[in-house]
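If you want the building blocks of each chain, they are given just below.
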Amino acid sequence: MRGFGDLESAIMQALWDQDGPTSVRQVWSVLQPDRPLAYNTVLTVVDNLYKKGWLHRERDGRAFRYWPKATRADYGVQLMRDAMAESGDPAGSLVNFVRQLDDQQSAALREALQTYEAGENPS
Amino acid sequence: MISILLLTVAATVLTAAAHWLPAASWVYRAPRLGIAAWYAALITGAAAIGCAVAEVLWPWQAAGEHGPLVWLMVRLLAAGAVAVTALVLLRTARAARTIVDSRRRHRDLVRLTGRRRPDLDVTVIEHPQPAAYVAGPSCTVITSGALDCLDGREVAAVLAHERAHGAGRHQLLLDMLQIAALVLPRSRVVATAREQVGRLVEIRADEVATRRHAPLSLARALVAMTTTAPGGGPTAPAGVTAATGGHTAERMHRLMRPPPPLPTFASAVLLSAVIALPVLPPTLAAACRWWPILASCLWDLWP
């Protein structure tokens, strides 16, 4: 069985893929093809996500409709800032493929690549 | 006396490493050996200093024979050494804790908010800036911006590079040096080691990635990903780009014009030296302790 965290992630993805407030039943039916889960399981996890502060909700009849507090892009910005450790110690960041360079340096790099490529196939 | 010798060993090894390793061509040709050499130098330095302190404190039981003042001084010195050691250990533990916690938070957020791409075995986070990094064991991250600007082969090469970081435990190697830098914030040698190991893990990951992927794909990805995305995104501070610009150009050169690998004999000699070096200070200290004649011989050699 897959971990709880994995299910939380799947539910967040489902909520982002839906536009606007979504009922637990809708989330459950979206997840259904990949994960044959009990409705109550989905309800519990959605409620947990709400309690952890990831979701907004509004009352709709007897049930609630939920939607994420922040967009994927908001979290993307937060994660990138954290991973690249913009503020503070640059060497304290996660080891990443390459750091951004300023325009002049990246232009020089592009030119260098062209020189190497030209040297590779002298045609 | 032996302590002075040991401190000289520490100073020599650390100074030699800081001066010699950054420019050594064998380090460029065999980056993994270079990383090992940096670690060997730092461990040797720390071991030599530790042995020197132990050597000063060793005769503390006999100190009573030299009168109460010597007895008191030796005990004060011992207490001081214990206090300093405890402080260093405490700081190390605290720094390690901070790093572990922030890594776990980051990984959890990646897992929760990122989109899984099982076909590439990667998690995609939404950001215009092309980037890729390792957020933990079997948690490779790439931005949507990177997927937008790279072609399939380039993405594969970049991911191979990131997995090489993961397999080589490069993050751990850098984290340990980060902790060393937090404990000893003014040490030039530690700062140089950090910067150099940072450079060498990239070279090493490039080396591993190009076993299965075309160097040109990786080089193209390098160019594409250093360029600032039109959508803005977090621009690295100027100081950081200045420091990494040279290393990135070096990586490009190494990808397109790879140096010949180190001859087997040379690697064997260097590897033996790297293994033998950290053993030297404790061996020296123990030998001088058990054969005092050796100690006096060494002392006579002193200019």
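A quick note: this is a predicted structure, and the numbers were derived from the prediction, not measured.

A. Looking closely at unusual backbone geometry. Residues and elements named next belong to chain B. Positive phi is not limited to glycine here, since Asp-121 has a value of about 55°. Mapped onto the fold, Asp-121 is located in the loop between strand E1 (115-117) and strand E2 (122-125). Judged by the 11 C-beta atoms lying within 10 Å of it, Asp-121 falls in the exposed class. Positioned with a positive phi, Arg-169 is a non-glycine residue whose angle comes to about 55°. Of note, Arg-169 is situated in the loop between helix H6 (152-167) and helix H7 (170-183).

B. Region of the structure containing the pairing of E2 of chain B. Residue and element names in this part refer to chain B. The pairing of E1 with E2 spans three bridges and is classified as antiparallel. The residue of E2 that forms the bridge with Arg-115 is Val-124. Both E2 and strand E4 (residues 140-143) contribute to a ladder of three bridges, which runs parallel. Paired with Ile-125 across the two strands is Thr-143, which belongs to E4.

C. Inspection of the packing of helix H3 (residues 31-57) of chain B against helix H12 (residues 280-290) of chain B at higher detail. Residues and elements named next belong to chain B. At a minimum axis distance of 8 Å, the contact between H3 and H12 shows a crossing angle of 25°. In terms of their interaxial angle, H3 and H12 are classed as roughly parallel. Crossing geometry of H3 relative to H12 is assigned as right-handed. Side by side, H3 and H12 meet where Thr-44, Ala-47, Ala-48, Cys-51 and Glu-55 of the first sit next to Leu-280, Pro-281, Pro-282 and Ala-285 of the second. Here the contact of H3 with H12 is composed, by residue class, of seven nonpolar, one polar and one charged.

D. Structural view of the interface of chain B and chain A. Between chain B and chain A, the contact holds 49 residues from the first and 37 residues from the second. At eight residues, helix H10 (residues 238-256) of chain B tops the list of elements feeding residues into the side of chain B that touches chain A. Split by residue class, the side of chain B that touches chain A holds 23 nonpolar, 20 polar and six charged.

E. Just the sheet that holds strand E1 (residues 22-23) of chain A, in detail. Residue and element names in this part refer to chain A. Here we have three strands laid out as an open sheet, ordered E1-E3-E2, and antiparallel in their pairing. Every other strand in the sheet has two partners, leaving E1 and strand E2 (55-60) as the edge strands with one partner each. Across two bridges, E1 lies against strand E3 (residues 63-68) in antiparallel orientation. In the strand pairing of E3, Thr-22 is matched with Tyr-66.

About the criteria used
- The written sequence of each chain sets the order in which its residues are numbered from 1.
- Here chains are named by letter from A upward and ligands by number from 1 upward, in the order in which they appear as written.
- Since the coordinates come from a predicted model, pLDDT governs what is reported: local features require at least 70, and pairs of side-chain atoms require 80 or more to be given and counted, while whole-chain, interface and lining totals use all residues.
- Strands here are runs of E lasting at least two residues and helices are runs of H or I lasting at least four, both read from the DSSP assignment and numbered beginning at the N terminus.
- Remark: C-beta atoms are placed from the backbone, and a residue is labelled buried if 20 or more other C-beta atoms sit within 10 Å of its own, exposed if 12 or fewer do, or partly exposed between those counts.
- DSSP bridges decide pairing: two strands pair if at least two such bridges lie between them.
- Only the stretch in contact is used when a helix axis is fitted, and all axes are lines through C-alpha atoms; the angle between N-to-C directions ranges over 0 to 180 degrees.
- Angles below 35 degrees are treated as roughly parallel, those above 145 as roughly antiparallel, those between 65 and 115 as roughly perpendicular, and all remaining angles as oblique.
- By definition, turning the near helix anticlockwise from the far helix through less than a right angle yields a left-handed crossing, and turning it clockwise yields a right-handed one.
- Throughout, a residue-residue contact means that the two C-beta atoms, derived from backbone geometry, are no farther apart than 7 Å.
- Residue polarity is assigned by list, with Asp, Glu, Lys and Arg as charged and Ala, Val, Leu, Ile, Met, Phe, Trp, Tyr, Cys and Pro as nonpolar; anything else, Gly included, falls into the polar class.

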